[in-house]
Every structure is written in structure tokens, then in C-alpha cells.
Amino acid sequence: MQTIDMEDFAKIELRVGTVIKVEVFDKARKPAYKIWVDLGHEVGVKKSSAQVTDFYQPTDLIGKQVICVCNFKPRQIADFMSEVLITGFTSGEGGIVLATVERNVPNGQRLH
């Protein structure tokens, strides 16, 4: 494992946001959703393509707070521009389990 220093970590803008809209992403190569996340007034609402269909239905995601990488370059996926990366972990079964917060916090807060 490569180590980094605190300055490297500080470059990664990890913020919490609330999922406000979800659509099935039919044009994605692998099963995915189009997800809109409210990341507070400093960042705004950002879009993400997320392969989280194994454990979540669209209605499960609405209102859920998720942790996002907000300063990756936007990425075109089919006809959709993914602006943030919603983080998660691979489960023992192979699907993605979302990284979230223990308690609700204000949208846009940075991870320390």
C-alpha cells in the first residue's frame, strides 16, 4: 500500500449529501442508477452514475445521505455526465454497499 501525507488527503474533497432523485440508467453497460445528490449551497446538486442496484431500489435511496468525492473530473457515461463519485464498499456477495454517515449532518460538510 502506498502511503500519502495529510496534504495529499486534503486534496480529496469528500462531502456528504442527500440523494434527492434516482432513475434507472438504461443506457449504462452494467446495471446502474442516475442519482442526483444535494451537496449543500456551496457545491449544489450534482449527478452521479452509480452501480448500486444489487442492494438498493430507487425508493431506498431517496433521502439517504451518502459520501461523495466532489473534485474528480466529470465523466461522460453513455448520454449522462457523472459529476461526483458516490463512495461505497464491495460486500461479501459482490455488490456495492454505500458509504454513509451514522447521523444526519448538514449537506456539503467535508469529511475530516
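Above this text you will find the structure in question.
All figures in this text were calculated on a predicted structure; none of them were measured in a lab. (Residues numbered from 1 in each chain as written. Predicted model: local features only at pLDDT ≥ 70, side-chain atom pairs only at ≥ 80, totals over all residues. Heavy atoms only, no water.)

Q: Looking at this structure, I do not really get the layout of surface pockets. What am I missing?
A: The method is simple in principle: a probe with the dimensions of a water molecule rolls over the atoms, and the space it marks as empty is what remains. Considered as a void within the structure, the largest pocket measures approximately 530 Å³ in volume. Taken together, 25 residues form the lining of the largest pocket, with S49, A50, Q51, R75 and I77 sitting closest to its centre. Within the lining of the largest pocket, the residues separate by chemical class into twelve nonpolar, seven polar and six charged. (1 Å grid on protein atoms, 1.4 Å probe; cavity = no way out; pocket = protein on both sides within 12 Å on 5 of 7 lines; lining within 4 Å. Points joined across faces, edges and corners; volume = space filled by probe spheres on them. Nonpolar A, V, L, I, M, F, W, Y, C, P; charged D, E, K, R; others polar.)

Q: Can you help me understand the pattern of salt bridges in this one?
A: Pairs can form between side chains of opposite charge whenever their charged atoms are close. Throughout the structure, instances matching the rule amount to six salt bridges. E13 is the partner of R15 in a salt bridge, and the nearest nitrogen-oxygen pair spans 2.7 Å. (Salt bridge = Lys/Arg side-chain N within 4 Å of Asp/Glu carboxyl O.)

Q: Is there a simple way to explain the packing of aromatic side chains in this structure?
A: Within a pair of aromatic rings, the relevant descriptors are the distance that separates the centres and the angle that separates the planes. Under the counting rule described, the total for this entry stands at two aromatic pairs. One aromatic cluster in this structure is built from F25, W36 and F80. The residue whose ring lies beneath K21 is W36, and the NZ or CZ to ring-centre distance is 4.3 Å. Sitting above the plane of the F80 ring, K47 keeps its charged end 5.3 Å from the centroid. (Phe/Tyr/Trp six-rings, centres within 6.5 Å; stacked < 30°, edge-to-face > 60°. Lys NZ or Arg CZ within 6 Å of the ring centre and 35° of its normal.)

Read these as geometric descriptors, not functional statements.
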